[in-house]
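Chain by chain, the residues run as shown.
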Amino acid sequence: MQDAAPPLYRMKADFFRTLGHPARIRILELLSDGDRSVADMLPEVGVGATNMSQHLAVLRRAGLVISWREASNVRYSLTSPRVAELLACAKSILTGVVAGQAEILEFAATDHGA
């Protein structure tokens, strides 16, 4: 008997763990604007070449990016525009959270919060 597929919530947790490093998020943000070479991304991601390679490998294994060789460069792109949509959604959520925190701090700083 074959093992059953893991529950969807576990698969989601694994997916979000893949996104759990700032360098990986930055790589995906850069690729949201179109395909890029590793050399193009390195200065903007702020990690060394070896570390960048490891992060790209994690993203490839997760099926979030694809790569191909073009002359002496390796280029990457997102596998789906939905990845860029997810990043935009996260930005929207965080913007709302930060705005809400600012409102709470403003309220606490007035006499109403005392």
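Anyway, here's the lowdown on the structure attached to this text. Everything numeric here is computed off the predicted structure, so don't read it as measured data. (Residues numbered from 1 in each chain as written. Predicted model: local features only at pLDDT ≥ 70, side-chain atom pairs only at ≥ 80, totals over all residues. Heavy atoms only, no water.)

## Quick notes on the layout of surface pockets
Empty space among the atoms becomes apparent when a probe as large as a water molecule is rolled across them. Stated formally: Buried and open spaces are told apart on a 1 Å grid over the protein atoms alone, a cavity being a set of points where a 1.4 Å probe fits but cannot get out and a pocket being an open set with protein on both sides within 12 Å along at least five of seven lines. Residues with an atom within 4 Å of a point are the lining residues. Grid points are joined across faces, edges and corners, and a volume is the space filled by probe spheres set on the points. In this text, helices come from DSSP runs of H or I with a minimum length of four residues, and strands from runs of E with a minimum of two, each type numbered from the N-terminal end.
For the largest pocket, the calculated volume is near 170 Å³. As for the largest pocket, its lining consists of Ile25, Glu29, Ser32, Ala84, Leu87, Ala88, Ala90, Lys91 and Leu94. When contributions to the lining of the largest pocket are tallied by element, the ones reaching two or more residues are helix H2 (22-32) and helix H5 (81-109). Ranked by residue count, the leading element in the lining of the largest pocket is H5, at 6 residues.

## Details of unusual backbone geometry
Of note, the phi angle at Ala71 is positive, near 60 degrees, even though the residue is not glycine. Position of Ala71 relative to the elements: it lies in the loop between strand E2 (65-70) and strand E3 (73-78).

## A short note on H2
Spelled out, the test is: Think of it in three bands: residues with accessible area under 20% of the maximum for their type are buried, residues over 50% are exposed, and the middle band is partly exposed, with areas taken using a 1.4 Å probe on protein chains only. Here the arc refers to the directions that run from the helix axis out to each C-beta atom.
For H2, the set of buried residues is Ala23, Arg24, Ile27, Leu28, Leu30 and Leu31. Viewed end-on, H2 has its buried residues packed into an arc of 160 degrees, placing them on one side of the element. Count one or two residues on from H2 and you reach Gly34, which has phi positive near 130 degrees.

## Comments concerning the pattern of salt bridges
To keep things clear, this is the line we draw: Think of a salt bridge as a Lys or Arg side-chain nitrogen and an Asp or Glu carboxyl oxygen that are within 4 Å of each other.
Under the definition given, this model contains 7 salt bridges. With its nearest N and O atoms 2.7 Å apart, the salt bridge here joins Asp35 to Arg75. Taken as a pair, Asp35 in the loop between H2 and strand E1 (36-37) and Arg75 in strand E3 lie far apart in primary sequence, 40 residues in all. Exposure remark for Asp35: the relative accessible area of 35% places this residue in the partly exposed category. Among the salt bridges present, the one from Glu70 reaches Arg75, with a minimum N-O distance of 3.8 Å. The class for Glu70 is partly exposed, based on a relative accessible area of 42%. With relative accessibility at 15%, the residue Arg75 sits in the buried group. Connected through salt bridges with shared partners, the residues Arg26, Glu29, Arg36 and Glu44 form a single ionic network.

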